[in-house]
Structure formats: C-alpha cells, structure tokens
Protein chains: 2
Amino acid sequence: MADIRIRPAIAGDTGLILALIRELADYERRAHQVVATEADVREALFGDRPAAEALIGELGGQPVGFALFFHNFSTFLGRRGLYLEDVFVRPDARGRGVGHALLREVARIAADRGCGRLEWVVLDWNEPAIAFYRRLGAEPMSDWTIFRLTGEALARLAENDGQTPGRQAGP
Amino acid sequence: MADIRIRPAIAGDTGLILALIRELADYERRAHQVVATEADVREALFGDRPAAEALIGELGGQPVGFALFFHNFSTFLGRRGLYLEDVFVRPDARGRGVGHALLREVARIAADRGCGRLEWVVLDWNEPAIAFYRRLGAEPMSDWTIFRLTGEALARLAENDGQTPGRQAGP
C-alpha cells in the first residue's frame, strides 16, 4: 500500500487548494471558468460561516489531491446528504489509491453524520472517472438533467416585473 | 394578474410542506421514495441549524405550491450559489404564474445574497417543466451526469479497509 494520508484542510492550504482547483478545471477543459481568488477560498473554507469543507490527499508526504464538499438536503429522505463538489488527484500521482482514499474519507464523514446520500457530477467524456465511480457502487442518475441559471438570465428573472414569459398574464 | 402571493414558510407550514413534497414525489412517480417525516421537515427548515429554506406560493389566499432550496458552492466561481431542491405547484393551480413567481423569488434571494448561480435538476420526461425553465433563460448542463452513492454501497465504502477496488494495492 502506498504511503497515503488523508487529512482535513487547514487555512495554510488555501493556495494549494486554489492551485488544485485550477488544475482540475484545466483537466475538465474549463480553465477559463475559474475566477475564484485565494481570498474567496479562504472565506469559503475557513471563514465565520464556512460554505464547504475540504480534505487534502498526500502521497509520500506530498499533497497530490483534494476533495471539497458541502451538505445538501433531500426532501424525500428528510435528511442531509453530502455533495462532493470536487475530487482531484494530480495526474502523476494517479493509480496509487489517493482518489479512492479521498472518496472513502468523504463517505466516512457522510456515514458519521447520518447522511443518506453522497452525490456528485461527472463530465460524460470522463470515462476513467465514471468507471472508478461505478466500481465504488455509485449509480448514474441518467434520467435527470441539471439546469443552471446564471449571469444575465439570473439577474433578469430576479428583476422581473411579474409577467410570466410566453404566457398571457391575467385573471 | 392572478392573486399570487409568495411568502417565506413558517413552522406552522410543516404539515403542508410535507404534503406538497409527497404530491411532488407522486407527480415524479417516486412516491415510494418519500420517507421524510414532519419532524424531519421541521428540524431541517426551522431547527437550530437549518439545512434548507422554503417559500410558500398562494393563489387567492390558498397555499398551492412551494419552493425549497439551500446554498451550494462553486469552486470555479469561489462563491455560494443556490440549489433549488424542489419547486412544485398543485396541478389545479398551474398556468396562473405561481411557479414563475416562486422561481422569481428564489432568483431574487440568490441575487440579494450575491450568488453566482441558481441550479436544479429536472426529470428528462418532464417536458412542460423543461420548456418553462428554458423560457426563463436556464440552460441544461447536458454533458454532466449525476452520480449517487447511497444505502449499502455508501456504508461499504465508508467501512472499506483501504483496498482500492479493481486495482492491485502495492507500493
């Protein structure tokens, strides 16, 4: 077994975590979407009201990956779950079990907190990741599609005057 | 314009919200998945550490729908977002703008709190909902698949002894 250690992130990891977020975005061909700053990450993970939690994966004493997650909530279960926003291991450290150890620790935290589910999303072309998730027993929710409202469209709806689009308003 | 009112849910709405959750599950052909109790909903929405927030939609003074949401977090944006877990309007009250008013209020809350995104999921066969979301300017994230680990598989990973499945462990 390789020398793997999974530990909670500390404030001193902020720069490392932002670097890993950027490497993940690059791997996902979405580097242009990363606008987060070190201050944003510090506030989100270590501020007064944390928005998320993170784990660092080390191999041979060197940080090589991370997992970042927060609580969601299922109305059907009536219980919190955990949502895994990011899990990433640097390419040259893959195949040694760090990703598995990160996911196992997130699953342990979910179980310890009585969470009913652990969920995340994956890009459809990322076949190695999909095969890995299936080996863990995770199931694709293939009949659901995520919708996102952002930028101008979100602002437009927020400022909307109350007219239903594409429908005649009236009693 | 119909007599629509959107208001924050109060503790006295707990039974109503659970009834609406069950009606939504029935509409989604998932009634068998609802195990939440009134105590679960009360704790999640009105307990010491709320897991979610809810709005009630009224038509002519009668409650006819709800929206339930919580914060998520985007590492790429470095900001919180809002995740809309449920939005539902009773069938006999549809087409009057209550769903639009609920989504508009959620969008307003997102904008007020500086959220970068509002996200939710929809079942692929729910074409009226998909058309409605598209009219609002929401975009399907069609290249992503949700993965879920739950029940036995989640417990198994949490209790795992450290062996990577399907891979030879070793230095």
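Source: prediction; values computed, not measured.

### Comments concerning the overall build of chain A
Secondary structure assignment for chain A yields five helices and seven strands. For chain A, the spread of C-alpha atoms along the three principal axes comes to 70 × 35 × 35 Å. Expressed as a percentage of its 171 residues, the buried residues of chain A come to 54%. For chain A, the proportion of contacts with a sequence separation of at least 24, taken over those separated by at least 6, is 58%. Of the roughly 7900 Å² that chain A leaves accessible, carbon and sulfur atoms contribute 47%. Side-chain charges in chain A split into 21 positive and 24 negative, and the spacing between the mean points of these groups amounts to 4 Å.

### Focus on the packing of helix 1 (residues 14-27) of chain A against helix 2 (residues 38-46) of chain A
Residues and elements named next belong to chain A. For the pair helix 1 and helix 2, the least separation of the axes is 9 Å and the interaxial angle reads 110 degrees. Here helix 2 runs roughly perpendicular to helix 1, going by the angle between their axes. Once helix 1 is placed against helix 2, the crossing between them reads as right-handed. For the pair helix 1 and helix 2, contact is made by T14, G15, I17, L18 and I21 and by E38, V41, R42, L45 and F46, respectively. Of the residues in the contact of helix 1 with helix 2, the class split is six nonpolar, two polar and two charged.

### Observations concerning the environment of A51 of chain A
Secondary-structure assignment places A51 of chain A in the loop between helix 2 and strand 2 (53-59). In this structure A51 of chain A comes out as buried when scored by relative accessible area, which is 13%. It is 13 Å that separates the C-alpha atoms of A51 of chain A and A39 of chain A, two residues lying twelve residues apart in sequence. Those residues in contact with A51 of chain A, other than ones at most four positions away along the chain, are A44 and F70 of chain A together with F73 and R80 of chain B.

### Considering the relation of the copies chain B and chain A
Note on the copies: chain B fits chain A at an RMSD of 0.0 Å, the axial shift is 0.0 Å, and the rotation between them is 180 degrees. Put plainly, the chains are arranged around a two-fold axis. Of all interface residues in chain B, 100% are interface residues in chain A too; the two copies therefore contact each other through one and the same surface.

### Examining the sheet that holds strand 2 of chain A
Pairing is mixed in the open sheet, where seven strands are placed in the order 1(A)-2(A)-3(A)-4(A)-5(A)-7(B)-6(A). Two strands lie at the open edges of the sheet, namely strand 1 (4-8) and strand 6 (139-140) of chain A, each paired on one side alone. Where strand 3 (residues 62-74) of chain A lies against strand 4 (residues 79-89) of chain A, ten bridges are found, and the strand directions are antiparallel. Within strand 4 of chain A, the position partnered with F69 of chain A by the bridge is L84 of chain A. Against the sheet, helix 3 (residues 98-112) of chain A engages strand 1, strand 2, strand 3, strand 4 and strand 5 (117-123) of chain A, with an angle of about 165 degrees to strand 4 of chain A.

### Quick look at the interface of chain B and chain A
Counting residues at the interface gives 82 residues for chain B and 82 residues for chain A. Of the roughly 8000 Å² buried at the junction of chain B and chain A (both faces included), carbon and sulfur atoms supply 60%. Counting the surface chain B buries against chain A, the share from its top three residues, F76, F147 and R148 of chain B, is 13%. For the pair chain B and chain A, the interface holds four salt bridges. R30 of chain B serves as the salt-bridge partner of D143 of chain A, at 2.9 Å between the closest nitrogen and oxygen. Pairing between strand 7 (residues 144-150) of chain A and strand 5 (residues 117-123) of chain B: seven bridges, direction antiparallel. Residue pairing in the sheet places T150 of chain A in a bridge with R117 of chain B of strand 5 of chain B.

### Quick notes on helix 4 (residues 127-135) of chain A
Within the sequence span of helix 4 of chain A, burial applies to A129, I130, F132 and Y133 of chain A. All buried residues of helix 4 of chain A fall inside an arc of 160 degrees around its axis, so they share one side. Turned more than 90 degrees from where helix 4 of chain A packs its buried face, E127 and P128 of chain A sit exposed. Buried positions along helix 4 of chain A lie against strand 4, helix 3 and strand 5 of chain A together with strand 7 (144-150) of chain B. Of the residues one or two after helix 4 of chain A, G137 of chain A is the one with positive phi, at around 100 degrees.

### Quick word on the environment of A51 of chain B
Taking the C-alpha atoms as reference points, A51 of chain B and V98 of chain B, 47 residues apart in sequence, are found 24 Å from one another. Contact partners of A51 of chain B, with chain neighbours within four places excluded, come to F73 and R80 of chain A together with A44 and F70 of chain B.

### Details of the pattern of salt bridges
All chains considered together, the criterion is met by 18 salt bridges over all chains. We note a salt bridge from D13 of chain B to R7 of chain B, for which the minimum N-O separation is 2.8 Å. By the burial criterion, D13 of chain B is buried, and R7 of chain B matches it. Taken together, the shared-partner salt bridges connect R5, R7, D13 and E58 of chain A into one network.

Quick notes on the rules
Residues numbered from 1 in each chain as written. Chains lettered and ligands numbered in written order. Predicted model: local features only at pLDDT ≥ 70, side-chain atom pairs only at ≥ 80, totals over all residues. Heavy atoms only, no water. Helix = DSSP H or I, 4+ residues; strand = E, 2+ residues; numbered from the N terminus. Buried < 20%, exposed > 50% of the residue type's maximum accessible area, 1.4 Å probe, protein only. Contact = heavy atoms within 4.5 Å. Areas by Shrake-Rupley, 256 points an atom, 1.4 Å probe, with all protein chains shown as cover. Lys, Arg positive; Asp, Glu negative; His and termini not counted. Charge placed at Lys NZ, Arg CZ, Asp CG, Glu CD. Axes fitted to C-alpha atoms, helices over the stretch in contact; angles between N-to-C directions. Parallel < 35°, antiparallel > 145°, perpendicular 65-115°, else oblique. Left-handed = near helix turned anticlockwise from the far one by under 90°. Nonpolar A, V, L, I, M, F, W, Y, C, P; charged D, E, K, R; others polar. Least-squares fit on C-alpha atoms with pLDDT ≥ 70 in both. Pairing = 2+ DSSP bridges. Buried area = accessible area lost by both parts, 1.4 Å probe. Salt bridge = Lys/Arg side-chain N within 4 Å of Asp/Glu carboxyl O. Arc of directions from axis to C-beta.

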